[in-house]
Amino acid sequence: MHLRAETLADIPHVRRVTEAAFGREDEARLVDRLRAESPDAISVVADIDGELAGHVMLSPMRAPEGAMGLAPVSVRPDLHGKGVGTALVTEALDRARAAGWKGVFVLGDPPYYARFGFHTQTARGYASSYSGPFLMGLELEAGALSGEGALSYARAFDDLAE
Ligand SMILES: CC(C)(COP(=O)(O)OP(=O)(O)OC[C@H]1O[C@@H](n2cnc3c(N)ncnc32)[C@H](O)[C@@H]1OP(=O)(O)O)[C@@H](O)C(=O)NCCC(=O)NCCS
């Protein structure tokens, strides 16, 4: 498996894998909107023997400053449970840390995201409509998410259907 930054040629394949993973088009459209909205987004693909196996996106949040939102993560359904998702998220977080981002938020399953160091406790100071048991934070820089305030994802998320 080769983990690398998404290229222009990957875009239609990312769309296909995202639709297949979620069984609907909403998240694929979200990826397209995030890419258009956020030049600093980190978009990583997993390539297995020249075929796109999965994709993850990190996009700059409107608040707090220096934070990114992790979403969506998509792995081709026939490859689930083989470590592709874990490898993608780990790589994206490493890239965000190297680029100087301070923290990452994710809305998801706590047992799954705990393996990367995400905790609901870390997000507790940040208020949003997503607050609750599924909102988690990860500090890429010690103490970066110890404050409090509003939490606001990139605009593209505003249009995501529930
Ligand atoms: C979630 C997803 C990205 C995981 O990718 P993957 O390559 O199958 O994951 P890995 O092989 O690295 O890890 C497998 C682990 O994830 C867990 N897992 C898989 N899907 C999960 C889900 N929806 N919720 C919670 N845990 C999940 C498995 O139980 C397994 O746990 P274990 O390691 O303790 O046995 C993939 O299943 C997927 O594309 N799902 C559909 C889209 C989605 O729900 N994305 C996440 C929200 S943005």
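Not measured: the values here are computed from a predicted model. (Residues numbered from 1 in each chain as written. Predicted model: local features only at pLDDT ≥ 70, side-chain atom pairs only at ≥ 80, totals over all residues. Heavy atoms only, no water.)

The UniProt record annotates "domain: N-acetyltransferase" (unreviewed entry) at residues 1-141. A distance of 29 Å separates the end C-alpha atoms of residues 1-141, which is 31% helix and 30% strand. (UniProt positions renumbered as here; feature names shortened; annotations may be inferred. Helix = DSSP H or I, 4+ residues; strand = E, 2+ residues; numbered from the N terminus.)

The next point concerns the site of the ligand. Taken together, 17 residues are adjacent to the ligand, and V75, G81, G83, G85 and T86 come closest. Contact distances for the ligand include 2.9 Å between a nitrogen atom and a backbone N or O atom of V73. Contacts to the ligand include H80, whose side-chain N or O atom sits 3.3 Å from an oxygen atom. Taking 870 Å² as the accessible area of the ligand by itself, protein coverage stands at 61%. Where the shell around the ligand is concerned, the elements lending two or more residues are α1 (11-22), β4 (67-75), α3 (84-98) and α4 (110-114). Per-element accounting of the shell around the ligand gives the leading share, 4 residues, to β4. A class-by-class count of the residues in the shell around the ligand yields 8 nonpolar, 6 polar and 3 charged. (Near = heavy atom within 4 Å. Polar contact = N/O pair within 3.5 Å; in protein donor to acceptor, adjacent residues only side chain to side chain. Areas by Shrake-Rupley, 256 points an atom, 1.4 Å probe, with all protein chains shown as cover. Nonpolar A, V, L, I, M, F, W, Y, C, P; charged D, E, K, R; others polar.)

Attention shifts here to unusual backbone geometry. A cis amide bond, omega -5°, links A63 with the succeeding residue P64. Topologically, P64 is positioned in the loop between β3 (51-60) and β4. Cis geometry marks the peptide bond from A71 to P72; its omega dihedral reads -10°. Structurally, P72 can be placed in strand β4. Backbone geometry at D49 places phi at a positive 50°, although glycine is not the residue there. Along the chain, D49 falls in the loop between β2 (42-48) and β3.

Taken together, 6 strands build an open sheet; the order of strands is β1-β2-β3-β4-β5-β7 and the sheet is mixed. At either margin of the open sheet sits one strand with a lone partner, and together these are β1 (2-5) and β7 (135-139). When the angles between neighbouring strand axes are averaged without regard to direction, this sheet yields 25°. Sheet topology places β1 next to β2; 4 bridges connect them, and they run antiparallel. Each residue of the ladder has a partner; that of A5, found in β2, is V44. Along the sheet, α1 contacts β2, β3 and β4; its crossing angle with β4, the most-contacted strand, is approximately 80°. Each of β3 and β4 is contacted by helix α2 (residues 26-37), which is oriented at about 55° to β3, the strand it contacts most. (Pairing = 2+ DSSP bridges. Axes fitted to C-alpha atoms, helices over the stretch in contact; angles between N-to-C directions. Contact = heavy atoms within 4.5 Å.)

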